[in-house]
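Residue strings, one per chain:
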Amino acid sequence: RNAALGAAALFVLLAGLFPDYAGIGILRLLNPFSVRPYPVRTQIAVLGGHERKVARGEGLVLAAEISGAIPSKAYIRFNSGHGYGHREPITTQGRREGGREPRVVFEYEYNPVVSDFTCQIEAGDNVSNEIRVRALERPELIDLLVQYRRPSYVSDEPTPWKKERSLQQVEGSKALLHGTANKPLKKVELRLGEGQPVPLADLARKGFAASIDLSKSMDYELFLTCEDGFTNKDKIRHKVYADGDKLPEIQWKHPAQDMEVAPDAVVSLGLLLQDDFGLLRAGVKF
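Conventions we followed
All residue numbers refer to positions counted from 1 along the written sequence of the respective chain. Since the coordinates come from a predicted model, pLDDT governs what is reported: local features require at least 70, and pairs of side-chain atoms require 80 or more to be given and counted, while whole-chain, interface and lining totals use all residues. As a convention, hydrogens and water are excluded, and side-chain values are obtained from all of the structure's heavy atoms. By this definition, two strands are paired if DSSP reports at least two bridges between them. By definition, any uninterrupted DSSP run of H or I lasting at least four residues is a helix, any uninterrupted run of E lasting at least two residues is a strand, and each is numbered from the N terminus. Two residues qualify as a contact provided that any one of their heavy atoms is within 4.5 Å of a heavy atom in the partner residue. Buried Ala, Val, Leu, Ile, Met, Phe, Trp, Tyr and Cys residues form a nonpolar core when they are joined through side-chain atoms within 4.5 Å. To sort residues, take the accessible area from a 1.4 Å probe on protein chains only and compare it with the maximum for the residue type: under 20% means buried, over 50% means exposed, and anything in between is partly exposed. Patch definition: residues above 30% relative accessible area lacking any salt bridge, with like charges linked at up to 9 Å and the nonpolar side chains Val, Leu, Ile, Met, Phe, Trp and Tyr linked at up to 5 Å. Here the open area of atoms and residues is found with the Shrake-Rupley method and a 1.4 Å probe, where only the protein chains shown may cover a residue. The working definition used for a salt bridge is a side-chain nitrogen of Lys or Arg within 4 Å of a carboxyl oxygen of Asp or Glu.

**Q** Before we go on, may I ask you to explain the sheet that holds strand β17 (residues 207-214) in this structure?
**A** Pairing between the strands of a sheet comes from backbone hydrogen bonds, and it takes one of two forms, parallel or antiparallel. Strand order in the open sheet made by the 4 strands is β12-β11-β14-β17, with antiparallel pairing throughout. The open sheet is flanked by β12 (162-163) and β17, the only strands paired with a single partner.

Written out as structure tokens, the structure reads:
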């Protein structure tokens, strides 16, 4: 009994004298179910966090800052859903200045990212926690419907909705836009001409609404931002054509020439009135 107590006291004494190395080993020997990690000489700090999002088809730089016992090489292992494969060396590195101890950053460029995966970085006697990478789509404009509200002298009825990206209508019209994206949107901005982008207030889950006054010909551009924080890669930039309303054309049809008639004669006048968009009223002065 005394021997057992002496051994336990020795274990406790060693654990107090060597808390970083022998102490943890002794504590885990006494408690095999302990989850306290063994100490390491190399420290790994993953830059950018352990949860990463990247646009599908684009590149991603995975980096870790190594301190403590710095090895000449670091390694990375990938798991695309079938278990971790062979480790690959990371040779790109750069030393960071400042701080109490030297630090080295190892970088690995993964290009392109086409699907989700996890990975771990190994350096010296240490392995990083799992890094999860999600490949996500950028927002894209799928459909754009347009309806025109024209000046009242042209028509009081709006035009039918139709798919159209370049906008063209008589000057003074209003173009109503309904857009649909491929994924939920967090923000949509509209820029007219060379002005600053203006956020749109009318957003739906995967769509938006906007209106443009056709006062002059110019460009317009839409900027989409999805809930994952990505913006559209391809520009959504199109033309606005505000057609000027030309003066009406008047053609006398008959009489085709000067006439002399009796004071009580009835003379029929024939006129052809034409306009590119519509006539509000017409009259003849005598």
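What follows continues from the structure just given.
**Q** Hey, could you run me through the side chain of Thr225 in this one?
**A** Along the polypeptide, Thr225 turns up in strand β18 (residues 218-226). Ignoring sequence-local partners within four residues, the contact set of Thr225 consists of Leu185, Lys186, Lys187, Phe230 and Thr231.

**Q** What exactly am I supposed to notice about the nonpolar core here?
**A** Soluble globular proteins tend to pack their nonpolar side chains together in the buried interior. Leu167, Leu177, Phe208, Ile212, Tyr220 and Leu222 are the most contacted members of the largest nonpolar core, which has 23 residues in total. Broken down by secondary-structure element, the contributors of at least two residues to this core are β11 (141-149), β14 (173-181), β15 (185-192), β17, β18 and β19 (236-243). The contact partners of Leu222, leaving out residues within four places of it in the chain, are Leu141, Val188, Glu189, Leu190, Phe208, Asn232 and Ile236. Judged by nonpolar contacts, the second largest core, of 22 residues, contains Val113, Ile121, Val133 and Ala135.

**Q** What exactly am I supposed to notice about a nonpolar patch on the surface here?
**A** On the surface, Ile250, Trp252, Met259, Val261, Val267, Leu269, Leu271, Leu273, Leu279, Val284 and Phe286 cluster together to form a nonpolar patch covering roughly 1,100 Å² of accessible area. Breaking the nonpolar patch down by element, the ones donating at least two residues are β20 (249-254) and β21 (270-274). Residue placement: Trp252 occurs in strand β20.

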